[in-house]
Amino acid sequence: MKKGKKLKERDKKGFKYYLKRDWQLYVLLFFPLAFAIVFKFLPLLGLSVAFLNYDVVGGFERAKFIGFDAFKEIFKMKDFYIALRNTIVLNGLDIIIGFPAPIILAILLNEIRNKYFKRISQTVLYLPHFLSWVIIAGIFYQLLSPSTGFVNVLIMRHGGESIPFLTEKWHWLVSYCLIGVWQSMGWGTIIYLAAITGINADLYEAATVDGTGRWRKIWNITLPCIRSTIVVMLIMSLGRILGISFERPYTLDNPLVRDFSDVISTFVYRVGLQSHRYNIATAVGLFQSVVGLIFVFASDKFAKLMGEDGII
């Protein structure tokens, strides 16, 4: 009875009571909430540009409603389909090659017993994530240059032929993927290391008593225990199948590999922004978001059918 009375009394207290009591927490909540509203939700109003004949001089007042004309124009462009193909191929290769890399690296780091060496290794592996793609592109153009690059000079000194890592489209494709793995692999291990840390240590101790080796522990304990984390991260990766960053393909781009390096983000920059056709740029962005949302729902549904917990 006393508990019931306390619950009723608590329910009668209004928002002002809790605001006065926990005002410090509400102040802390205000800043991330304001950030989300200003930079995440208010820009959604700009999606209307995709359906308007918008220009900067006339603004929204003189903009006329054109319906789906911008989308019709996009789907008639040959360059759009090339950019769409390249985006799917590059992101698909990133998932195939880059997605397992942080998982493998996290398991290897977890197996290191020397804590000082482990910390140093983690710090070194995290560093590429904090480098700008402009710096990364400059470094690799110097290292992989066909005539003066360190790698090709080393190959030629040992009797090999110069390899056009970044100046021939098929070599560029492999180099693009491997550079991306190098840049993101270390940072991606954070989530998986956290998941591995949460595994009950008794499972490993019981396996040790049974005489199980390290590889069996990884296969029968570590991987099954972090499977839900892997599924969630995979669903999020599939949701970004059409969402590709601008910096990476733009900085590694050159005219010799344009057939592979022109992606949706660079297409938007070139056709939409440089030509001041903002409705085209917005329409492409909206198309990306809708397709990404469909992929998220589809992959989440598939994960649930396979017996895993989804994210929706």
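Residues numbered from 1 in each chain as written. Predicted model: local features only at pLDDT ≥ 70, side-chain atom pairs only at ≥ 80, totals over all residues. Heavy atoms only, no water.

A. Spotlight on the overall build of the protein chain. In terms of helices and strands, the protein chain carries 18 helices and zero strands. What you see for the protein chain is a C-alpha radius of gyration of 26 Å, clearly larger than the 20 Å of a compact globule of 312 residues, by over 25%. For the protein chain, the spread of C-alpha atoms along the three principal axes comes to 80 × 70 × 40 Å. Evaluated residue by residue, the protein chain yields a buried proportion of 36% over its 312 residues. A sequence separation of at least 24 residues applies to 64% of the contacts in the protein chain between residues at least 6 apart. Within the structure as shown, the protein chain displays about 20,400 Å² of accessible surface, and the carbon and sulfur contribution to it stands at 67%. Between the centroid of the 35 positive side chains of the protein chain and the centroid of its 22 negative side chains there is a distance of 10 Å. (Helix = DSSP H or I, 4+ residues; strand = E, 2+ residues; numbered from the N terminus. Rg over C-alpha atoms; globule rule 2.2 N^0.38 Å. Buried < 20%, exposed > 50% of the residue type's maximum accessible area, 1.4 Å probe, protein only. Contact = heavy atoms within 4.5 Å. Areas by Shrake-Rupley, 256 points an atom, 1.4 Å probe, with all protein chains shown as cover. Lys, Arg positive; Asp, Glu negative; His and termini not counted. Charge placed at Lys NZ, Arg CZ, Asp CG, Glu CD.)

B. Structural detail: the packing of helix α12 (residues 201-209) against helix α13 (residues 214-225). Closest axis-to-axis distance for the α12/α13 pair is 11 Å, and the angle between their directions is 165°. Classified by the angle between their axes, α12 and α13 sit roughly antiparallel to one another. Viewed along their axes, α12 and α13 form a crossing whose handedness is right-handed. Seen from α12, the contacting residues are Leu 203, Tyr 204, Ala 207 and Thr 208; seen from α13, they are Lys 217, Ile 221, Thr 222 and Cys 225. When the residues that make up the contact of α12 with α13 are grouped by side-chain class, the tally is five nonpolar, two polar and one charged. (Axes fitted to C-alpha atoms, helices over the stretch in contact; angles between N-to-C directions. Parallel < 35°, antiparallel > 145°, perpendicular 65-115°, else oblique. Left-handed = near helix turned anticlockwise from the far one by under 90°. Nonpolar A, V, L, I, M, F, W, Y, C, P; charged D, E, K, R; others polar.)

C. Highlighting α12. Where α12 begins, the side chain of Asn 200 points an oxygen toward the backbone nitrogen of Asp 202, at a separation of 3.0 Å. In the segment just after α12, Gly 211 is the residue with positive phi, at about 85°. (Polar contact = N/O pair within 3.5 Å; in protein donor to acceptor, adjacent residues only side chain to side chain.)

D. Focus on unusual backbone geometry. Although it is not a glycine, His 276 adopts a positive phi angle of roughly 60°. For His 276, the location among the structural elements is in the loop between α17 (264-273) and α18 (278-305).

E. Structural detail: the packing of aromatic side chains. As enumerated under the stated definition, the model contains 20 aromatic pairs in all. Ring geometry for Phe 30 against Phe 31: centres 5.5 Å apart, planes inclined by 75°, an arrangement best described as edge-to-face. When its relative accessible area of 56% is taken as the criterion, Phe 31 is described as exposed. The structure contains a cluster of three or more aromatic residues connected by ring pairs, namely Phe 75, Phe 80, Tyr 81, Phe 267 and Phe 287. One Lys or Arg, Arg 248, reaches over the ring of Tyr 176 and ends 3.9 Å from the middle of that ring. (Phe/Tyr/Trp six-rings, centres within 6.5 Å; stacked < 30°, edge-to-face > 60°. Lys NZ or Arg CZ within 6 Å of the ring centre and 35° of its normal.)

F. Representation of the packing of helix α14 (residues 227-239) against α18 in the model. At a closest axis distance of 7 Å, the pairing of α14 and α18 adopts a crossing angle of 155°. Judged on the interaxial angle alone, α18 and α14 are roughly antiparallel. Between α14 and α18 lies a crossing whose hand is right-handed. On α18, the residues touching Val 231, Ile 235, Leu 238 and Gly 239 of α14 are Gly 292, Phe 295, Val 296, Ser 299, Asp 300 and Ala 303. Along the lines of polarity and charge, the residues of the contact of α14 with α18 split into six nonpolar, three polar and one charged.

G. Focus on the pattern of salt bridges. For the coordinates displayed, the defined rule picks out nine salt bridges. A salt bridge links Asp 259 to Lys 169; the shortest N-O distance between them is 4.0 Å. With a gap of 90 residues between them, Asp 259 in helix α16 (residues 258-261) and Lys 169 in helix α11 (residues 169-197) connect regions that are remote in the sequence. Taking the relative accessible area as the measure of exposure, Lys 169 reaches 29% and is therefore partly exposed. (Salt bridge = Lys/Arg side-chain N within 4 Å of Asp/Glu carboxyl O.)

H. Representation of the side chain of Ser 237 in the model. Here Ser 237 lies in helix α14. There is a polar contact of 2.9 Å between the side chain of Ser 237 and the backbone oxygen of Met 233. Not counting chain neighbours up to four residues away, the residues in contact with Ser 237 comprise Ile 95 and Phe 99.

I. Molecular detail of the environment of Glu 168. As for its position among the elements, Glu 168 is in the loop between α10 (150-157) and α11. With 26 residues separating them along the chain, Glu 168 and Gln 142 place their C-alpha atoms 16 Å apart. In terms of polar contacts, Glu 168 uses its side chain to reach the side chain of His 171, at 2.7 Å.

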